[in-house]
Every structure is written in C-alpha cells, then in structure tokens.
Amino acid sequence: MSELERLAAEIAQCTRCLLHRGRTRAVPGEGPLEAEIMFIGEAPGFHEDQQGRPFVGAAGKFLDELLETIGLKRDEVFIANVIKCRPPGNRDPLPEEIEACKPFLDRQIEIIRPRLIVTLGRFSMARAFPKGRISHLHGQPRKLKGVVYYPMYHPAAALHQPSLRRTLEEDIQRIPEILQQLDQIPEFEVPAEVEQLSLF
Ligand code: SF4
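Residues numbered from 1 in each chain as written. Predicted model: local features only at pLDDT ≥ 70, side-chain atom pairs only at ≥ 80, totals over all residues. Heavy atoms only, no water.

Enquirer: Would you explain the environment of G139 in this entry?
Expert: Within the secondary structure, G139 sits in the loop between helix 6 (134-137) and strand 4 (142-144). Distance in space between the C-alpha atoms of G139 and D171 is 5.0 Å, their sequence separation being 32 residues. Sequence-distant contacts of G139, that is, excluding residues within four places in its chain, are made with Y150, P151, D171 and R174. (Helix = DSSP H or I, 4+ residues; strand = E, 2+ residues; numbered from the N terminus. Contact = heavy atoms within 4.5 Å.)

Set out below in structure tokens:
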C-alpha cells in the first residue's frame, strides 16, 4: 500500500470532527503521486459523499471541461478538498472542522509535492491567504515559502453565477504559462498590516 493509500484509509476511518457522523463515504482525494498540479476545493457534496470521489457532480464536470481546455485530463492532476467529509446540506465548513482536517491535506501536499497548487474557492484560498479576498487574488500566482499558489473561483460558484464562468475560463488558461515560469515568480511579501493566521 502506498503512503497516499494509507492516508486515504486513515481518512476513511477518521472521527476527528462531527462530520464523520453524517458521511456516507469520506472523500480523501485522488490523482497520481507524481502530479505536477494539485487542485484543492472546499468539501464533498452529495455525489462526492455517495461515491467517495472528489468533484464528480456538476461542478466536477465543469472542472473537467476547464482542464480539457488546457490539454489536461483529471487523472493527470491531484484533486482534493479542504475537508474530507460532507457538511450537512452542503453548508460552509466550520473553522473547527477545517482545523481538524488540516493535517490530512498538509500530509497530501507533503507526499505529492506539487509544483503548483490551485485553490478553488475562498475556503481553499484562505489556507494560504487567510485575509485575502478572492475577488482580488484570483488569477494571480503567488509564491509562499517556496510553493506557488494560484487562486481561482470554485467551479460550483460559476453554476450559480454565470458571470464567473468566463472568469474561470480565463484564469485556467494561464496555468500552462505559470508552470513554465514558476522559477521566476518572486516570494510573496505579506503586507505588514495583514495578519497571516496560517500558511501551508
Ligand atoms: Fe476527519 Fe476531516 Fe472527516 Fe472531520 S472532515 S471526520 S477531520 S476526515
């Protein structure tokens, strides 16, 4: 069993927060160990909870379409979520749930060591930029402690707000160019007035 598989088995048994009580299946995430890019969403929804796989509903279909526009298939990237069990009624994850689940995502990042982390939505972005606003930060790569993060809106947001669809389509187009220029991206200087609560 690989380290990623062992971690997935651990997640499937996890009872660190109350979300384990309502889950059908935990959703650890999936993708190849050698993935260059890691996409991090928010939390499993209904279909993900049923299947134990990330991004398999309508938002996942849209993510697949976005990946195709830059010549990527989903099995070439690693896809995970900030929390691994579905919140009831798809509500926003609570701070204590995010904190309880954080070690799992930290370990996935340590194991995979992606060259680029694409955050999908504000909860994912907030792990790197807790005081940032997605409307300001999306579509711009930033390097923190040697890791390049690229915030994008969550694909589900585009399903509810059609105006965001175009934004996502534009932002994903930058990924191939960003991958080629990772070494030239300077370390992000956190503005002194911005309190960083947690970094990856
Ligand atoms: Fe464990 Fe995370 Fe599921 Fe909570 S959401 S029970 S911390 S795997």
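Enquirer: Hey, could you run me through the packing of helix 1 (residues 3-12) against helix 4 (residues 95-112) in this one?
Expert: Between two packed helices, both the angle of their axes relative to each other and the distance between the axes serve to describe the pair. At their nearest, the axes of helix 1 and helix 4 sit 10 Å apart, and the two run at 170° to each other. Relative to helix 4, helix 1 is oriented roughly antiparallel. Contacts between helix 1 and helix 4 involve E3, L4, L7, E10 and I11 on the former and, on the latter, F104, R107, Q108, I111 and I112. Its residues assigned to classes, the contact of helix 1 with helix 4 comprises 6 nonpolar, 1 polar and 3 charged. (Axes fitted to C-alpha atoms, helices over the stretch in contact; angles between N-to-C directions. Parallel < 35°, antiparallel > 145°, perpendicular 65-115°, else oblique. Nonpolar A, V, L, I, M, F, W, Y, C, P; charged D, E, K, R; others polar.)

Enquirer: Explain the site of the ligand here, please?
Expert: The environment of the ligand is made up of I11, C14, R16, C17, H20, R23, K84, C85, A100, C101 and F104. Considering every element that reaches the shell around the ligand, the biggest residue donor is helix 4, with 3 residues. Looking at the shell around the ligand, its residues break down into 7 nonpolar, 1 polar and 3 charged. (Near = heavy atom within 4 Å.)

Enquirer: Teacher, can you tell me more about the pattern of salt bridges here?
Expert: Side-chain pairs of opposite charge can arise whenever the charged atoms involved come near each other. Applying the stated criterion across every chain, the model contains 16 salt bridges. Salt-bridge contacts for E10 lead to R107; the nearest nitrogen and oxygen are separated by 3.2 Å. Pair noted here: E10 is in helix 1 and R107 is in helix 4, with a separation of 97 residues, a long-range link. Of the residues examined, E10 reaches a relative accessible area of 31% and is grouped as partly exposed. (Salt bridge = Lys/Arg side-chain N within 4 Å of Asp/Glu carboxyl O. Buried < 20%, exposed > 50% of the residue type's maximum accessible area, 1.4 Å probe, protein only.)

Enquirer: Before we go on, may I ask you to explain the nonpolar core in this structure?
Expert: For soluble globular proteins, the rule of thumb is that nonpolar side chains tend to be buried together. Of all hydrophobic cores here, the largest spans 59 residues; its most connected members are I37, M38, F39, L116, V118, M152 and I175. No other element matches the 8 residues that helix 4 contributes to this core. In contact with F39, not counting residues within four places along its chain, are L63, L67, V77, F78, I79, A80, V118, L120 and I175. (Core = buried A, V, L, I, M, F, W, Y, C linked by side-chain atoms within 4.5 Å.)

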